Amino acid sequence: MKYRMLGKTGLKVSVVGIGTWQFGGEWGRTYEQHEVDAILDRGKELGINLIDTAECYGDHLSESLIGESIQSSRQDWIVATKFGHHFHSNFDRTDVFDPKGVVKQLEQSLRALKTDYIDLYQFHSGPDSSFDQDELWDTLNKQVEAGKIRHLGISIGSNENIHQTSQSTKLHSEAIQVVYNRLDRKPELEVFPSCIEQNIGVLARVPLASGLLSGKYKPGAKFASNDVRSRRDAAQLDQMMMEVEVIGREEVPAGTDMAAWALAWCLKHPAVTSVIPGCKDPAQVEANAAAVELVEAGHPQEA
Ligand SMILES: NC(=O)c1ccc[n+]([C@@H]2O[C@H](COP(=O)([O-])OP(=O)(O)OC[C@H]3O[C@@H](n4cnc5c(N)ncnc54)[C@H](OP(=O)(O)O)[C@@H]3O)[C@@H](O)[C@H]2O)c1
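Predicted model only: the values in this text are computed from it and were never measured.

What about the overall build of the protein chain?
- Counting its secondary structure elements, the protein chain contains ten helices and twelve strands.
- Rg of the C-alpha trace for the protein chain: 18 Å, near the compact-globule value of 19 Å for 303 residues, within the 12% margin.
- Each principal axis of the C-alpha distribution contributes one length, and for the protein chain these read about 50 × 40 × 40 Å.
- The burial tally for the protein chain puts 48% of its 303 residues in the buried class.
- For the protein chain, contacts bridging at least 24 residues in sequence account for 78% of all contacts bridging at least 6.

Here it is as structure tokens:
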């Protein structure tokens, strides 16, 4: 594994982390505890120390599965979770960004994760109207002082949200999470330069373009009706799959696993600290961790 410093946090994170939205059930299957254990255990063996989860991947369900799995090795992990929603059922959630509601969610996340601190607590892709509340950030910073949160972060909803990104330092927020992958390079324009200028860490989410950049889906592919990807516009997905075919032919060296290549591609950008691909099983964890073999030395955040 390779490691980088997450901005000014002092956290040394693995360049490949594990995204865990899939544990909440919206990707078409539910997870047993032993399956989550196998994924995280394999990650740990490979040197992965970064887990990204959220309050609304199931009703604190993903957090609960993770908490159970890592309770005896909590100190070995950097756990990033989020706040801002109440999950009702798959694809049905309501916003909760009022300070009192957020403190309640924090307590629920701590309980689910079976821990007394969260390493990175991220504003979960809310609108600017929810973001622009001094009282919310004051409340969050008090939770940092109380030791329940080690660092604050912002997971921006639109990957061009320069408003929220540019406020980071002022709000004592130290990391940005953003969609970034070979098919979607918008953060390079404004968000990444702002992160570099402020020296804040970047977690690249959806780095495989929801699995498409593995190259295993061909135009016309259909997703099961309970898989979140079936909710996307089919024509747009087809277009993306066609682009992936061209990228596979023209950019991915022969004999190289495309998923690993796609992750290493994200990690080349000087602003990007880590990628957090969602992993369905230990084999995907292994394939994704292998991306480090394609990552060259000399990145400015190298630890
Ligand atoms: N607003 C937010 O803050 C927000 C939003 C979205 C995501 N996130 C975070 O970002 C994480 C990653 O995003 P994501 O899961 O949506 O998308 P992703 O990482 O681009 O794609 C994940 C999917 O790709 C497939 N895959 C993974 N590794 C593979 C491999 N080595 N070879 C082939 N296929 C592979 C798996 O699906 P199949 O095998 O079924 O194809 C997996 O579920 C999430 O888990 C979550 O933690 C945050």
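That shown, we press on.
Remarks on the site of the ligand
- Around the ligand, 29 residues are found, and the nearest of them are Gly 19, Leu 208, Gly 211, Ser 214 and Gly 278.
- The element that contributes the greatest number of residues to the shell around the ligand is helix α10 (residues 282-289), accounting for three residues.
- Classifying every residue of the shell around the ligand by side-chain character gives eleven nonpolar, 13 polar and five charged.

What about the environment of Asp 37?
- The residue Asp 37 is located in helix α1 (residues 33-45) in this model.
- For Asp 37, a count of 16 C-beta atoms within 10 Å puts it in the partly exposed group.
- It is 35 Å that separates the C-alpha atoms of Asp 37 and Ser 130, two residues lying 93 residues apart in sequence.

Thoughts on helix α7 (residues 191-198)
- Among the residues making up α7, those that are buried are Val 191, Phe 192 and Cys 195. Viewed along the axis of α7, the buried residues span an arc of 95°, placing them on a single side of the element.
- Residues of α7 that are buried sit in contact with α6 (162-166), β10 (173-179) and β11 (201-205).
- Count one or two residues on from α7 and you reach Asn 199, which has phi positive near 55°.

What to know about α1
- With 13 residues, α1 should cover 18 Å at 1.5 Å per step; its first-to-last C-alpha distance of 18 Å lies within 8% of that length.
- Those residues of α1 not exposed but buried are Val 36, Ile 39, Leu 40 and Gly 43. Down the axis of α1, the buried set is contained in an arc of 85°. They therefore lie on one face. Of the exposed residues in α1, the ones pointing more than 90 degrees away from its buried face are His 34 and Glu 45.
- Tucked inside the fold, the buried residues of α1 contact β3 (18-19), α2 (61-70) and α10.
- Just past α1, the residue Gly 47 takes up positive phi, approximately 95°.

Looking at the packing of α2 against helix α3 (residues 99-113)
- Two elements in contact, α2 and α3, have axes whose closest approach is 6 Å; the angle formed by their N-to-C orientations is 40°. Our classification of the angle between α2 and α3 gives oblique. Here α2 contributes Glu 63, Ser 64, Ile 66 and Gly 67 to the contact with α3, which in turn contributes Ser 109, Ala 112 and Leu 113.
- Taken together, the residues that form the contact of α2 with α3 break down as three nonpolar, three polar and one charged.

Things to note about the sheet that holds β11
- Taken in spatial order, the eight strands line up as β3-β4-β5-β8-β9-β10-β11-β12 in an open sheet, and their pairing is parallel. The open sheet has two edge strands with one neighbour each: β3 and β12 (274-275).
- Taken together, the four bridges between strand β5 (residues 78-83) and strand β8 (residues 118-124) define a ladder with parallel strand orientation. The partner of Lys 82 across the bridge, within β8, is Gln 122.
- In this fold α3 packs onto β5 and β8, with an angle of close to 145° to the strand it touches most, β5.

Considerations on the pairing of β10
- Of all seven residues in β10, seven are buried; the element is thus mostly enclosed.
- The pairing of strand β9 (residues 149-155) with β10 spans three bridges and is parallel. From the neighbouring strand, Ser 155 faces β10, where its bridge partner is Gln 177.

Cut-offs applied
- Residues numbered from 1 in each chain as written.
- Predicted model: local features only at pLDDT ≥ 70, side-chain atom pairs only at ≥ 80, totals over all residues.
- Helix = DSSP H or I, 4+ residues; strand = E, 2+ residues; numbered from the N terminus.
- Rg over C-alpha atoms; globule rule 2.2 N^0.38 Å.
- Buried ≥ 20, exposed ≤ 12 C-beta atoms within 10 Å, placed from the backbone.
- Contact = placed C-beta atoms within 7 Å.
- Near = placed C-beta within 6 Å.
- Nonpolar A, V, L, I, M, F, W, Y, C, P; charged D, E, K, R; others polar.
- Arc of directions from axis to C-beta.
- Expected span 1.5 Å × (residues − 1).
- Axes fitted to C-alpha atoms, helices over the stretch in contact; angles between N-to-C directions.
- Parallel < 35°, antiparallel > 145°, perpendicular 65-115°, else oblique.
- Pairing = 2+ DSSP bridges.

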